[in-house]
Amino acid sequence: QPEVQRGLVRVLKEDFGIEATAEEVAEGAHLIDIASSFEARILPDVLATAFGGRWLHQFAEKVLPKPGMTIWDDAAAHALATRGLATFEPDKKTYPATAAALLLFGERPADRFPQAEILLDAYDDIRITGTPRAQENLNAALPEAITAAVAFIDRHTEHPRRVVGINNVRLDEYPARALREALVNAVAHRSYEDAARKISVRVFRNRVEIASPGYPPRPLTLAKLRKGNYRAASRNPLIAQTLATLQLMEQRGSGFARMRDAMVDHGLDEPVYAEEDGYFIVTFRGPDGQFERLKVAEDAARFVTPATEAQLNARQKKIVLRAQKAGGVTSGWCRKAFGVSYNTAYLDLTDLVNRGLLIQVGKGRATRYELKAG
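Residues numbered from 1 in each chain as written. Predicted model: local features only at pLDDT ≥ 70, side-chain atom pairs only at ≥ 80, totals over all residues. Heavy atoms only, no water.

Looking only at helices and strands, the protein has 14 helices and 13 strands in total. Residue burial in the protein is summarised as follows: out of 374 residues, 42% are buried. Split by element, the accessible area of the protein, about 19900 Å² in all, is 50% carbon and sulfur. (Helix = DSSP H or I, 4+ residues; strand = E, 2+ residues; numbered from the N terminus. Buried < 20%, exposed > 50% of the residue type's maximum accessible area, 1.4 Å probe, protein only. Areas by Shrake-Rupley, 256 points an atom, 1.4 Å probe, with all protein chains shown as cover.)

Rendered as structure tokens:
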């Protein structure tokens, strides 16, 4: 595309006497940099009718004109064609898919495009070592890969607990919504033309780095991203639009602001953005062991609601806390901890069972009261 642009500028000047200004040449370069021809590439040997899975089903339900319609054999393929993710060949009555469709809904898209694989690494140190704690290579449809990458980070980061009222709340070292936003941006805006690089996710003791191939498309700059002073520009609009249809992202350019807000609301520093060796890198700096910095989100899952807590006596509140910490309690523990009779302990525990907070396991002296699942 840059060669075509230069050729057109030369032909206009030499054959027609029309000379482009420096501003027009620069603007043309910006538009070329933004546009990606990779995702719209038709793959004659990949048929949209071969795709499946819950994400494609959800996409078809949202795109097809009749709400709640039953998905028939070619409905999903038709939905892809209406959004530029497939084309219909009437002679063959087939739906060849685009590269974007394969990345979004193919079972193993990296078998065809190795650059679509996502590399995951976790280290116990603050730097890369020869003995990582864990490594995975993700070869899955983009929505599945995003979910799997967030889960990998969750498994290999800390989850301290904080007592809130009578709830023992599990905290995340990093806010999942910030991580998911960065991963969505990485798969939606990376340069897929760069077949030599893959998205990489590195979990260190003190930070998480998400690196995607290609710098932000011009006229976006690091300074504009940091200030939030920019308008949305997508290198892969088909992929971005589909992820937006699946409600995995929005296309209004507020993703960086949401990442920043999520980190600050979590008690951590704002993300750091950098360009290095052909990668755009988002770094989330963690608490590095200082977990008292972390804040409990207002919507954090709580085992006991405030309304229920208000109806419990002081002993029952301590029983619930003990059950959350130890997994369960016994009548003997209650009698010893509170200096009460067997009957009082039994009434407290039975009331908690009736409220749906505990369940009784076993009989007789082996009776134990455990947290109710879910």
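Next, the rest of the story.
Unlike most non-glycine residues, Lys93 shows phi in positive territory, near 55°. Within the secondary structure layout, Lys93 lies in the loop between α4 (75–82) and β2 (96–98).

The three strands are arranged β11-β13-β12 in an open sheet whose pairing can be described as antiparallel. The sheet is open, and its two borders are formed by β11 (328–329) and β12 (358–361), each paired with just one other strand. Here β12 runs beside strand β13 (residues 368–371); their pairing, made up of four bridges, is antiparallel. Bridge pairing links Val361 to Arg368 in β13. (Pairing = 2+ DSSP bridges.)

So, about the packing of aromatic side chains. For the structure shown, the criterion picks out ten aromatic pairs. Aromatic side chains Phe256 and Tyr273 sit 5.1 Å apart centroid to centroid with 85° between the ring planes, which places their arrangement in the edge-to-face category. In this pair, Phe256 sits in helix α10 (residues 255–265) while Tyr273 sits in strand β9 (residues 272–276), placing the two residues 17 residues apart along the sequence. One exposure class covers both Phe256 and Tyr273, and it is buried. Ring geometry for Tyr342 versus Tyr346: centroids 6.3 Å apart, planes at 15°, classification stacked. In this pair, Tyr342 and Tyr346 both sit in helix α14 (residues 342–354), four residues apart, roughly one turn of the helix. An aromatic cluster is present here, built from Phe38, Phe113 and Tyr192 joined pairwise through their rings. Above the face of the Tyr192 ring, Arg190 is positioned so that its terminal group lies 4.6 Å from the ring centre. Its guanidinium or amino end placed over the ring of Phe204, Arg207 lies 3.9 Å from that ring's centre, counting from NZ or CZ. (Phe/Tyr/Trp six-rings, centres within 6.5 Å; stacked < 30°, edge-to-face > 60°. Lys NZ or Arg CZ within 6 Å of the ring centre and 35° of its normal.)

Once that is clear, we can look at the packing of helix α13 (residues 331–338) against α14. Between α13 and α14, the shortest axis-to-axis distance is 9 Å and the interhelical angle comes to 115°. The way α13 lies across α14 gives a crossing that is right-handed. For the pair α13 and α14, contact is made by Ser331, Cys334 and Arg335 and by Tyr342, Ala345 and Leu349, respectively. Considering only residue class, the contact of α13 with α14 consists of four nonpolar, one polar and one charged. (Axes fitted to C-alpha atoms, helices over the stretch in contact; angles between N-to-C directions. Left-handed = near helix turned anticlockwise from the far one by under 90°. Contact = heavy atoms within 4.5 Å. Nonpolar A, V, L, I, M, F, W, Y, C, P; charged D, E, K, R; others polar.)

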